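Residue strings, one per chain:
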Amino acid sequence: MAFRDGGGIVVVSSGRYLTGALLLRSNVYLKIEEDGLLLGSTSSGAYPGPWDATSGINMPVLIRSVGARNIGVYGGGIIDGQAVPGFVLSFNATSDKYVPVTWTGDAHYGCEGECRPRLLQFERSENILVHNVTLRNSPDWTSHFLSCHNVLVEGVRVWGDRAWPNNDGIDPDSCTNVTIRHCRVDTGDDAICLKSKTGHGVLRNILVQDNMVRSRSSGLKLGSATQEDMFDILVERLWVWDSNRAVGIQHRDEGDIYNVTFRDITVDGTAYQPVSWWGASEPIWVSTAYRDGEAAPIGTVSDIRFERIAARSENGILLSSRTQYPVDGVTLLDVNVTITTWRPPLPKIFPAVVNLPPEHDYRPASPPIIPSPTDGLYVENVRNLAVLSSGVTFLAPAEKWWRDCYYPSPDSPPDRVTLQDFRCVLPTT
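Model, not experiment: these values are computed from the prediction.

(A) The arrangement of the overall build of the protein chain in detail. Each helix and strand counted, the protein chain has one helix and 35 strands in total. Against the globule reference of 22 Å for 429 residues, the protein chain gives a C-alpha radius of gyration of 22 Å, in line with a compact fold. When the backbone C-alpha atoms are referred to their principal axes, the protein chain occupies close to 70 × 45 × 45 Å. By sequence separation, contacts in the protein chain at least 24 residues apart represent 76% of the contacts at least 6 residues apart. A total accessible area of about 16,300 Å² is found for the protein chain, and carbon and sulfur atoms account for 51% of it.

(B) Representation of the state of the cysteines. Inspection of every chain in the model, using the stated rule, returns two disulfides. Each disulfide pairs two cysteine sulfurs, and for Cys111 the partner residue is Cys115, the sulfurs being separated by 2.0 Å. Taking the torsion about the sulfur-sulfur bond, which here is approximately -90°, the covalent link between Cys111 and Cys115 counts as left-handed. The exposure class of Cys111 is buried, given its relative accessible area of 2%. Bridging Cys405 to Cys424, the disulfide has an S-S length of 2.1 Å. Given an S-S torsion of about 75°, the disulfide between Cys405 and Cys424 has right-handed geometry. With Cys405 in strand E34 (residues 402–408) and Cys424 in strand E35 (residues 415–425), the pair connects residues that are 19 residues apart, well separated along the chain. On the basis of relative accessible area, Cys405 is assigned to the buried category, the value being 1%. Sequence-ordered numbering of the disulfide-bonded cysteines in the protein chain gives the connectivity 1-2, 3-4. As a non-bridged cysteine, Cys183 has Cys175 as the owner of its nearest cysteine sulfur, 15 Å distant. Among the residues examined, Cys183 registers a relative accessible area of 3% and is labelled buried.

(C) Here's a closer look at the environment of Asn167. On the secondary structure map, Asn167 appears in the loop between strand E16 (157–159) and strand E17 (170–173). Judged by its relative accessible area of 1%, Asn167 falls in the buried class. Dropping the residues within four chain positions of it, Asn167 is found in contact with Ser138, Asp140, Trp141, Thr142, Gly160, Asp161, Thr187, Gly188 and Asp189. A polar side-chain atom of Asn167 sits 3.2 Å from the main-chain amide nitrogen of Gly188. Within the structure, Asn167 has its side chain in polar contact with the backbone nitrogen of Asp189 (distance 2.9 Å).

(D) Focus on the side chain of Thr176. In this fold, Thr176 is placed in strand E18 (residues 176–181). A polar contact is formed between the side chain of Thr176 and the side chain of His149, at a distance of 2.6 Å. Residues contacting Thr176, with those up to four places away along its chain left out, are Cys148, His149, Asn150, Val202, Arg204 and Asn205.

(E) A look at the sheet that holds strand E20 (residues 192–196). Pairing is parallel in the open sheet, where 12 strands are placed in the order E3-E6-E11-E14-E17-E20-E22-E24-E26-E28-E32-E34. With one partner strand each, in any of the chains shown, strand E3 (22–23) and E34 form the two edges of the open sheet. Alignment of strand E28 (residues 317–321) against strand E32 (residues 374–380), held across four bridges, turns out to be parallel. Residue pairing across strands places Leu319 opposite Val379, the latter belonging to E32.

(F) Representation of unusual backbone geometry within the structure. Note that the residue after Gly223, namely Ser224, is joined by a cis bond; omega there is 0°. For Ser224, the location among the structural elements is in strand E22 (residues 218–226). Of note, the bond from Arg363 into Pro364 is cis; its omega dihedral lies within 30 degrees of zero at -5°. Phi is positive for Tyr109, which is not a glycine, with a value near 65°. Relative to the helices and strands, Tyr109 resides in the loop between strand E10 (97–100) and strand E11 (118–123). Although it is not a glycine, Arg124 adopts a positive phi angle of roughly 45°. Secondary-structure assignment places Arg124 in the loop between E11 and strand E12 (126–131). According to the relative accessible area criterion, Arg124 is exposed, its value standing at 53%.

(G) The pairing of strand E7 (residues 69–74), seen in detail. Pairing geometry for strand E4 (residues 28–32) and E7, over three bridges, is parallel. If you follow Tyr29 over to E7, its bridge partner there is Gly72.

(H) The nonpolar core, seen in detail. Counting residues in each nonpolar core, the largest one holds 89 residues, and the members touching the most others are Ile79, Phe122, Phe145, Leu222, Phe262 and Phe306. Ranked by residues supplied to this core, first place goes to strand E29 (residues 327–339) with six residues. Those residues in contact with Ile79 that lie beyond four places of it in its chain are Ile32, Leu38, Leu62, Ile63, Val73, Leu119, Leu120, Thr134, Leu135 and Arg136. Listed in part, the six residues of the second largest apolar core include Trp285, Tyr362, Ala365 and Tyr378.

(I) Spotlight on the pairing of E12. In the sheet, E7 pairs with E12 via five bridges, with the strands oriented parallel. Note on E12: the bridge partner recorded for Arg69 is Glu126. The sheet contact formed by E12 and strand E15 (residues 149–154) spans five bridges and is parallel. Residue pairing across strands places His131 opposite Glu154, the latter belonging to E15.

(J) Just the environment of Arg291, in detail. One can find Arg291 in the loop between strand E26 (284–288) and strand E27 (301–313). On the basis of relative accessible area, Arg291 is assigned to the partly exposed category, the value being 25%. Between the C-alpha atoms of Arg291 and Ala365, which are 74 residues apart in sequence, the distance is 4.6 Å. Discounting residues that sit within four places of it in the chain, Arg291 has contacts with Ser224, Ala225, Arg252, Asp253, Pro364 and Ala365.

So, how was this worked out
- Note on numbering: residues in each chain are counted from 1, in written sequence order.
- For a predicted model such as this one, the threshold for reporting local features is a pLDDT of at least 70, and the threshold for listing and counting side-chain atom pairs is 80 or more; totals across whole chains, interfaces and linings nevertheless cover every residue.
- To obtain the side-chain values, all non-hydrogen atoms of the structure were used and water was disregarded.
- Segments assigned H or I by DSSP are reported as helices when at least four residues long, segments assigned E as strands when at least two residues long, and all are numbered from the N terminus.
- Each radius of gyration reported is based on C-alpha atoms, and the globular scaling rule is 2.2 Å times the count of residues to the power 0.38.
- Note on contacts: a residue pair is in contact if any heavy atoms of the two residues lie within 4.5 Å.
- Note on areas: these come from Shrake-Rupley sampling with a 1.4 Å probe, and a residue is covered only by the protein chains present in the view.
- The disulfide criterion is simple: two cysteine sulfur atoms within 2.5 Å.
- Exposure classes here rest on a 1.4 Å probe applied to the protein chains alone. A residue is buried below 20% of its type maximum, exposed above 50%, and partly exposed in between.
- Side-chain atoms alone can form a polar contact between residues adjacent in sequence; in general such a contact is a pair of N or O atoms within 3.5 Å, and within protein one must be able to donate a hydrogen while the other accepts it.
- Pairing between strands is defined by DSSP: at least two bridges between them are needed.
- Joining through side-chain atoms within 4.5 Å is the link that ties buried Ala, Val, Leu, Ile, Met, Phe, Trp, Tyr and Cys residues into a set, and such a set is a nonpolar core.

Structural data, given as C-alpha cells:
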C-alpha cells in the first residue's frame, strides 16, 4: 500500500510478529519500533523462489530490495531470523559448530548448498538507510548489500550465535559510497566483510568508522570474493575483541585491491579457534593466493597502510603473497603487537586441530594450512615494506613454537624493506 501511494513508512509497533519474505520498494521505509520484534518464518514456503545458493545471490531472504531507491529499516526494534533453534539440524562438538537445516533438492527449486534465509539483502539499490535496529540470529548472512550505491549503516546491533556458520554481520559487496559507523557486531563468521563479485562492479569509497566487532573468523576483512577491484577504503577507530583474526585482506581472485588504510585500531585479544574456523589468531594479515590453482587469473594487492594499531594476540602479523605478484607497498606505522598465550588451551575434543598452534592459514587456497613457528611479523614475497616506529613484544612464559619478532621467508624473501625504530622484546628463557 505504501508503494502504491508513492512511498511512506510501514510501522511495526510493540509486540511479536511472525512474517515471511518482505520486499522493500522505492520510497518505502520499514520502522520497527522499540519493543517491536519481527520474527522470520522457519517455513520454506514463506520465501518465494527460485533460489540458487551457488550464485551466492538468489537466496531466500527475509527483507529484500531489488532495484529500489530511497529505502531503509530503522526504529530501535529487533529482527530475528530464528537460526537457533529454528534451523538447527544437529551440533558437531568436534568443530564446535551447529549443523544447519538447508532447503535443498527438487522440493526447493533444486537449490544446492547454503539454502537458508538471509536476514537483509539489498540488490542494485541506492540511498539505503539501516539505522538503530537489532539484527540477530540469522540463518545465513545477516545483511548483504550487492551492487548498491549510497549506503548508511549506523547504530546497528548485530548478534549471531558464535557456533553458527556463515552468519556474517555486515557484507557490502560490489558497492560504492558505503558508510558503516557506530555499530556493534558479534558473530561466529566474519563480523564485517567487504567483497566484490564478477559482473557486479567494483567496491570503492568505503568508510568503516567507530565500530566494535567480535568474530570466530575475522573482525573485519576484505575478501575472499575479490573478482572485481576494491579501492579507496578507510577503516578507522575499530575495537576488535575476543576474535580469531582481527583486520586484514584475503585476496583470491582477479580483482586488484589498492589504497586501503586501517588506522586507530585496538585488538583486545585474538586467539586460536577450532580449525573449522578460518584463521590463526593473526591481529593483522594480508594474504594473496590462488584460489583454485595457478591457472586461474589473479590480481594484485598494493598501497596498504596500517597506522596506530595496538594488539594483543596469540600469533603475529602475516604479510604474504603466494602468487607471481608481490604484495607491493605496505606501511606499518606505530603498530605494536604483544604476543601472549592469553586464553586457556582449546579442549582436546577438537581432534582436527593438528597444527594448532602454530600455523599459517591460507584458506581458501592450496595448500590451505602450513605449519610454521610464530613470528611477530612474517613477510613472504612483499615489495616496498616500511615498518616505522613499531614493535613486537613476546610475553613470558615463552612457548616452544615462538621464533622471532621479524622473519622474512627464505623461500620468497621480501624486496626493499625499511625497518625504522622497530622494537623487539623476546622472553628470557
